[in-house]
Amino acid sequence: MSTELGMPKVGPVQQAAPRPMRLILNWGRRYSLWVFNFGLACCAIEFIAASMARHDFIRLGVIPFAPGPRQADLMVVSGTVTDKMAPAVRRLYDQMPEPKYVISFGACSNSGGPYWDSYCVTKGVDQLIPVDVYVPGCPPRPEALLDGIVKLQAKIKDEKLTSGNLRRKRASVLTRDKVSAP
């Protein structure tokens, strides 16, 4: 069963928008990120802590707990991704609308963490989907997630969305899939 939905189209306004208009569009996108948390282990607890009153990532324009992947702009993968869980991560990523962003949160999602040499652990979520920001730590502190969000927002600020850029970002993972297939 394939989850391929075809390449989404970027609106003509974004493609032809002059620089001042792109600044406004990027400003709106970076300060209204709906988050879909794919929490798999102890890092998910730190993600929840970052959304609570003490750290409050809502003040950065991040809206936690999107109803589902189809309403989310940002996917935070936190915890160990096993080979059995990998198709679900990919399927949920494919369901997100463009433009979409991914934060890999913690050593386990970055590289497999302390379980990197296990036969059933994916050696980093970037083997499955393109990652925009890596947040190190085991588990990372909530402040590290806030820093990762600020870095992602800086990246979005300078972004120019075109269908070609979206295709290249997606192709980087698809070609990796073809190379690693037996």
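Residues numbered from 1 in each chain as written. Predicted model: local features only at pLDDT ≥ 70, side-chain atom pairs only at ≥ 80, totals over all residues. Heavy atoms only, no water.

A. Molecular detail of the overall build of the protein chain. When helices and strands are counted, the protein chain shows seven helices and five strands. The secondary structure elements of the protein chain, listed N-terminal to C-terminal, are α-α-β-α-β-β-α-β-α-β-α-α. Across the 182 residues that make up the protein chain, the buried fraction comes to 45%. Across the protein chain, the fraction of contacts at a sequence separation of at least 24, relative to all contacts at a separation of at least 6, is 79%. By element, 62% of the accessible surface of the protein chain is carried by carbon and sulfur atoms, the whole surface being about 9,700 Å². (Helix = DSSP H or I, 4+ residues; strand = E, 2+ residues; numbered from the N terminus. Buried < 20%, exposed > 50% of the residue type's maximum accessible area, 1.4 Å probe, protein only. Contact = heavy atoms within 4.5 Å. Areas by Shrake-Rupley, 256 points an atom, 1.4 Å probe, with all protein chains shown as cover.)

B. Highlighting the nonpolar core. The biggest cluster of nonpolar side chains holds 20 residues, and the ones touching the most others in it are Phe-57, Leu-74, Ile-103, Leu-145 and Leu-152. Listing elements by their share of this core, those giving two or more residues are strand 1 (33–39), helix 3 (43–51), strand 3 (74–78), strand 4 (101–105), strand 5 (133–135) and helix 6 (142–157). Here this core gets five residues from one element, more than from any other, and that element is helix 6. Setting aside residues no more than four positions away along its own chain, Leu-152 makes contact with Leu-33, Leu-74, Tyr-101, Ile-103, Asp-132 and Val-133. Counting 17 residues, the second-largest nonpolar core is a separate cluster that includes Phe-36, Ala-72, Val-81 and Leu-128. (Core = buried A, V, L, I, M, F, W, Y, C linked by side-chain atoms within 4.5 Å.)

C. Spatial organisation of the environment of Val-76. Here Val-76 lies in strand 3. The sequence separation of Val-76 and Phe-36 amounts to 40 residues, and the corresponding C-alpha distance is 6.4 Å.

D. Representation of unusual backbone geometry. Along the chain, Glu-98 connects to Pro-99 via a cis peptide bond; the corresponding omega equals -10 degrees. With an omega of -20 degrees, the peptide bond between Cys-138 and Pro-139 qualifies as cis. With respect to the helices and strands, Pro-139 occurs in the loop between strand 5 and helix 6.

E. A look at the side chain of Ser-109. Relative to the helices and strands, Ser-109 is located in helix 5 (residues 107–111). There is a polar contact of 3.3 Å between the side chain of Ser-109 and the backbone oxygen of Gly-106. If we skip the residues at most four places from it in the chain, Ser-109 touches Val-77, Ser-78, Gly-79, Ser-104, Gly-124 and Val-125. (Polar contact = N/O pair within 3.5 Å; in protein donor to acceptor, adjacent residues only side chain to side chain.)

F. Spotlight on the confidence of the model for the protein chain. Mean pLDDT for the protein chain: 78, with 75% of residues reaching 70 or above. Every residue in residues 178–182 is under pLDDT 50, and counting partners more than four places away or in other chains gives zero contacts. (pLDDT = per-residue confidence, 0-100.)

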